[in-house]
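Commentary on secondary and tertiary structure
These are the residues of each chain, in order.
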Amino acid sequence: MPKKRETQSFLPLTPAMFHILLALADGEKHGYAILKEVARRTANKVRLSAGTLYGNLSRLESAGLIAESSRRPEVVLDDERRRYYLLTEFGREVAVAEAERMEEALGQARSKKLFRKPKLA
Amino acid sequence: MEKQSLPFSQKLFRALVRVLPFDFRTNYEGEMEGVFREQQRELEERGGFLEALKLWKETIVGIFSTAPREHWQILTSDCGYAFRMMRKNPGFTALAILTLALGIGANTSIFSVVHSVLLKSLPYPQANQLIFIRQQEKKLGIEDLSFSVKEIEDYRAQNRTLSGLVEYHGMSFTLFGHGDPERVRTGVVSANYFDLFGVKPLLGRTFLSDDDKPDAPPVLVLSYEYWKNDFGSDPEIVGKTFELNDKVHTVVGVLPAVPQYPNENDVYMPTSACPFRSGKAHLENRDMRMMEVFGRLKPGVTVTQANADVSTIAARLKAAYPKSYPNSVGFAASASPLQEELTSKARPTLLLLLAAAAFVLLIACANVANLTLSRMAKRERELAVRSALGAGRSRLLRQLLTESFLMAFAGGMLGLLLAYGSLQLLTDFVGRLSPRAREIHIDSQVLLFALAAALGTSIVFGTLSALFSRANVASSLKDGTSGAGSGRRQNRMRDALIVCQIAFSFVLLIGAGLMIRSLIKIQQVDAGIVPQRVLAMRTTFNWSKYTGSDKTAVVIQKLLDRVQSEPGVLSAAISSRYPFEPEMIPEWFSNTFQIEGRDLEPGQAPPVSTFASVSPDYFKTLGIPLKAGRLLAETDKGEAPHVVIINETAKRQFWPNEDPLGKRVSTDAGEHWVTVVGVVGDVREFGLDHPPSPEFYASQGQNAQPSTLIVRTIGEPRSMARALTRAVHDVDPQTAVTRILTLEQARYESMASPRVTASLLGIFAGLALVIAAAGIGGIMSLMVSQRIREIGIRIALGARPSSILQMVLGQGLLLAVMGIGIGIVGAVTLTGLVKSLLFEVPPTDILTFSGVGLTLLAAAAIASYLPARRAASVDPNIALRAD
């Protein structure tokens, strides 16, 4: 299992990477679904292009943060050209570490009153 | 079908995706297209031109920001892998890098010379406009006749193609007022000489047209090197005065550090300051020639046009002054680019060396490809596993190319060091062939060349090894050994590479062999003198003190008496030159003459001979034997009848069937006659490879030209140098003594060019031989390892070790014989190129060819012997158990 030090070595994640990991946190998805999910969740503020998406997927995959899933949807729903990606255990740890890092930074910003007003999503 | 209906946007997307690495595309291209299609579909539903633009912008930025990262990642991972592989095989790596370093180093160093001397334009503004003009007397075989003042005036006035025309001649004067009297190499030039070349002074000014007027105050311009070395870069030098030729000269400027053509000089003076050039004889006599002439083409004029122009002027001169240019001499004039003029002597040798160096690099490439192939045989399993794990074919090719480039790059760096180390040697060598040698250095273009050589090399051997390993990948996994079919193909490839190496080595060895044979032949030539224990020193008198012939004769006699009284001196002589004197060419001493009682037919060329002026003991001092008549005597001076001694070649050529003694000749159209009183043996005056020409020796007492003191000593001549210099200064302290050489040194120096060419070719050929022999050894060794089971079976079935030894040796020798066969064809085709550099050796010299063939065979036999012995001592039990 990857050590903590290794987890830390990925931080900070680029926004694109972090959003991809977030998109996969609740289940496996194919590329276009990831792209859609990220756009939806960020109200179109983070828009991934095909090049950026697959560049990041490639790096995340070779780092072991995500993996290709062997499970496929039912035949009628499946497009065989698509590949499905899932978040690995290590990927989850890295995503958690990144979220914690952000939270800590957020806390510090709050204590310095660098926050206007906490907004509820 | 689908391709045809593909919308334009998809096609464009596919084209864009091609900037991504192959492996990335293999993995993701389909999916990326899918995503892009979905995005397009969505866009169509929602519509909007701005949205479409935004999508395209994001897509393009995304692809172009991903591509470099992906490429870089592959490169770093390949490099890391390659370094690990190299560390795992240190022997192979070191051998490959060293081989490549030798090949690239040899090429880089020779290229630095070719680039600086032959390719780079001269370091002057619009250097391609600079031309060299020459006059010739073609029927007399004189290719480079100097110019007289009258002729220069004519060419200057009549030409239509030149924006300027300047003259140059080199002199040695003695400079006073700066420590000991010093002989300074002086360039005597037209006032606009430096303007024509476009040289701006570092300090002060160059010459003005007023400096060139008769009776102008004498001025000097110093060369950068002289100013730096002799005056410690004195910034106050301008305005200082020195005495030369009894006149006070003022320094008006210092030149920048530019190469000086045609010769390097210490100082420059305008023509009016040269006591010879400004003398009446030179100013008025059309036939008193000693100058060289350079010109600058008018803008838009070609060298061909200028050539036609000067030819026309020469024809006009011929018509106007038939006495100076009789039909019989074949007078003509021509113009050629200055750059060509300065490099023509070096060109054949340098190109030969460049070709030789290229051969060494080819051999090195073949050898490293072979080494890599042999290693591939061991790595096939590894490559197959990588392939099975998903590495695409191009990925493996890229990996192998990265490995080969890293090795070639390391080899290139090491080669560059080698080139840097050999620079001084090459500069000295080329200095004998071209005045541009001082410009040789390693600049950015040479660095680029080394890099290109490394890159080219890695592509050649990397691709060769990758191509031949790829075929095996699939089969290796299946049967666990090298695939039989492709293994054979690989072996054939390796054999072919070895045959090529041997063939190239053969050609190189032939080149080196011919040059060495030629050098040996030159060294065996009888020079016609006894050079041992003879010292020659240049003695430059203060010309202005010895104006008349009589005064000079007196000081010569005084000098000889003083030198002869020195203990340890056997005999001494004064002469205008001596055999093997550096930088002397026969043209400078050639003269036409007429023989009394022999009229020339119309159009018949007059006889030509070289002339020297010597004191009576010259022949004794140099050991030149008397063949008939008498030698010169003390009494041959002043008003006594003028006499001359001729050599045997002159006798054979001009009086083949009669006794030359008592015959009279004239060099001034019958105004004065000199009588032949003796015949001496032939001397190779201008170098051992220069056949003796007809030679006339006049008496110093009647024709004073005291340039050199020659002394035969009882003991070691060099130890006498100081005492002799003192003796010269005892007679006249204003005499500069320079260039003290023993005749053996001079003889050795005169062979420098063929010797260095032979040495460099020898080094290249030696390298090639070692590389090729190592190649044969490696291949035979691999062959034995591959066939160890078969050999074991053979031995188990009763084969004798000696027959196994014979089999392996035979295979090695077979490769060598095939290589030699191809090499012979190559050598016969190519050796015509070296013909001009050979001395009395035919380019297809049987001795050289058979010697080189035997050497290569012996090398192949030695290299195959070790693996053969290993094969012969194979234990069948162990061999059969081995996988």
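Please read all numbers here as calculations on a predicted model, not as lab measurements.

1. As for the overall build of chain B
- The secondary structure content of chain B amounts to 24 helices and 24 strands.
- Taken against the 2.2 N^0.38 rule, which gives 29 Å for 883 residues, the C-alpha radius of gyration of chain B at 37 Å runs more than 25% over that of a compact globule.
- Based on the C-alpha atoms only, the size of chain B along its principal axes is roughly 110 × 90 × 55 Å.
- Here chain B holds 883 residues, and 42% of them are scored as buried.
- The long-range fraction of contacts in chain B, counting pairs at least 24 apart against all pairs at least 6 apart in sequence, stands at 82%.

2. A few points about the overall build of chain A
- Within chain A one finds five helices and three strands.
- In chain A, the succession of helices and strands from N to C terminus is α-α-β-α-α-β-β-α.
- Within chain A, buried positions represent 28% of all 121 residues.

3. Structural notes on the environment of B:Ala669
- Its place among the elements puts B:Ala669 in the loop between β20 (664-666) and β21 (674-680).
- As for B:Ala669 and B:Val874, which are separated by 205 residues in sequence, their C-alpha atoms are 90 Å apart.

4. With respect to the environment of B:Val251
- Mapped onto the elements, B:Val251 comes out in strand β9 (residues 247-254).
- For the pair B:Val251 and B:Leu222, spaced 29 residues apart in the sequence, the C-alpha separation amounts to 7.3 Å.

5. Structural notes on the packing of helix α3 (residues 31-41) of chain A against helix α4 (residues 50-62) of chain A
All names here are of chain A.
- Running from N to C, α3 and α4 cross one another at 110 degrees; their axes reach a closest spacing of 11 Å. Relative to α4, α3 is oriented roughly perpendicular. In terms of crossing hand, the pair formed by α3 and α4 is right-handed. Where α3 approaches α4, its residues Gly31, Ile34 and Leu35 are matched on the opposing element by Leu53, Tyr54 and Leu57.
- Classifying every residue of the contact of α3 with α4 gives five nonpolar, one polar and no charged.

6. Regarding the sheet that holds strand β2 (residues 66-68) of chain A
Residue and element names in this part refer to chain A.
- Strand order in the open sheet made by the three strands is β1-β3-β2, with antiparallel pairing throughout. Because the sheet does not close on itself, it has two edges, and the strands there are β1 (29-30) and β2.
- As defined by bridge partners, β1 adjoins strand β3 (residues 84-87) across two bridges and the pair is classed as antiparallel. Along β3, the bridge assignment pairs His30 with Tyr84.

7. Topic: the domain arrangement of chain B
All names here are of chain B.
- Entries for chain B in the domain assignment read domain 1 (8-83), domain 2 (127-343), domain 3 (347-524 + 752-881) and domain 4 (543-733).
- With centres defined by C-alpha atoms, the gap from domain 1 to domain 3 works out at 45 Å.
- Facing seven residues of domain 1, the contacting portion of domain 3 comprises eight residues.
- Contributing elements (two or more residues each) for the side of domain 1 that touches domain 3: α2 (22-46) and α3 (49-88).
- Top element by residues in the side of domain 1 that touches domain 3 is α3. It accounts for four residues.

8. Things to note about the interface of chain B and chain A
- In this complex, chain B contributes 18 residues to the contact, which on the side of chain A involves 15 residues.
- Going through the elements one at a time, α2 and α3 of chain B are the ones with two or more residues in the side of chain B that touches chain A.
- Element by element, the count of residues in the side of chain B that touches chain A is highest for α2(B), at 10 residues.
- Each residue belonging to the side of chain B that touches chain A can be placed in one class, and the counts come to seven nonpolar, six polar and five charged.

9. Focus: the nonpolar core
Residues and elements named next belong to chain B.
- Counting residues in hydrophobic clusters, the biggest one holds 155 residues, and the most contacted among them are Val360, Phe764 and Ala768.
- Among the elements that line this core, the one with the most residues is helix α14 (residues 484-524), at 18 residues.
- Here this core spans two domains, and each of domain 3 (347-524 + 752-881) and domain 4 (543-733) adds at least three residues to it.
- Discounting residues that sit within four places of it in the chain, Val360 has contacts with Leu102, Gly103, Ala106, Phe764, Leu767 and Ala768.
- Formed by 55 residues, the second largest nonpolar core is a distinct cluster that contains Val166, Val252, Leu297 and Val310.

10. Topic: the pairing of strand β5 (residues 182-189) of chain B
Residues and elements named next belong to chain B.
- Judged from the eight bridges that link them, strand β4 (residues 162-176) and β5 form a sheet pairing that is antiparallel. Within the sheet, the bridge partner assigned to Phe173 lies in β5 and is Val184.
- As consecutive antiparallel partners, β4 and β5 are separated by five residues, and within that stretch Gly177 has a phi angle of approximately 100 degrees, a positive value.
- The sheet contact formed by β5 and strand β10 (residues 267-270) spans four bridges and is parallel.

11. So, the packing of α2(B) against α3(B)
All names here are of chain B.
- The interhelical angle for the contact between α2 and α3, taken along N-to-C directions, is 165 degrees, at an axis separation of 11 Å. With respect to their mutual orientation, α2 and α3 come out roughly antiparallel. With respect to the hand of their crossing, α2 and α3 are arranged in right-handed fashion. When α2 is examined against α3, the residues Phe24, Phe36, Gln39, Leu43 and Arg46 are found in contact with a partner set consisting of Glu51, Ala52, Leu55, Thr59 and Glu70.

Cut-offs and rules
- Residues numbered from 1 in each chain as written.
- Chains lettered and ligands numbered in written order.
- Predicted model: local features only at pLDDT ≥ 70, side-chain atom pairs only at ≥ 80, totals over all residues.
- Helix = DSSP H or I, 4+ residues; strand = E, 2+ residues; numbered from the N terminus.
- Rg over C-alpha atoms; globule rule 2.2 N^0.38 Å.
- Buried ≥ 20, exposed ≤ 12 C-beta atoms within 10 Å, placed from the backbone.
- Contact = placed C-beta atoms within 7 Å.
- Axes fitted to C-alpha atoms, helices over the stretch in contact; angles between N-to-C directions.
- Parallel < 35°, antiparallel > 145°, perpendicular 65-115°, else oblique.
- Left-handed = near helix turned anticlockwise from the far one by under 90°.
- Nonpolar A, V, L, I, M, F, W, Y, C, P; charged D, E, K, R; others polar.
- Pairing = 2+ DSSP bridges.
- Domains from an automatic or database assignment.
- Core = buried A, V, L, I, M, F, W, Y, C linked by C-beta atoms within 7 Å.

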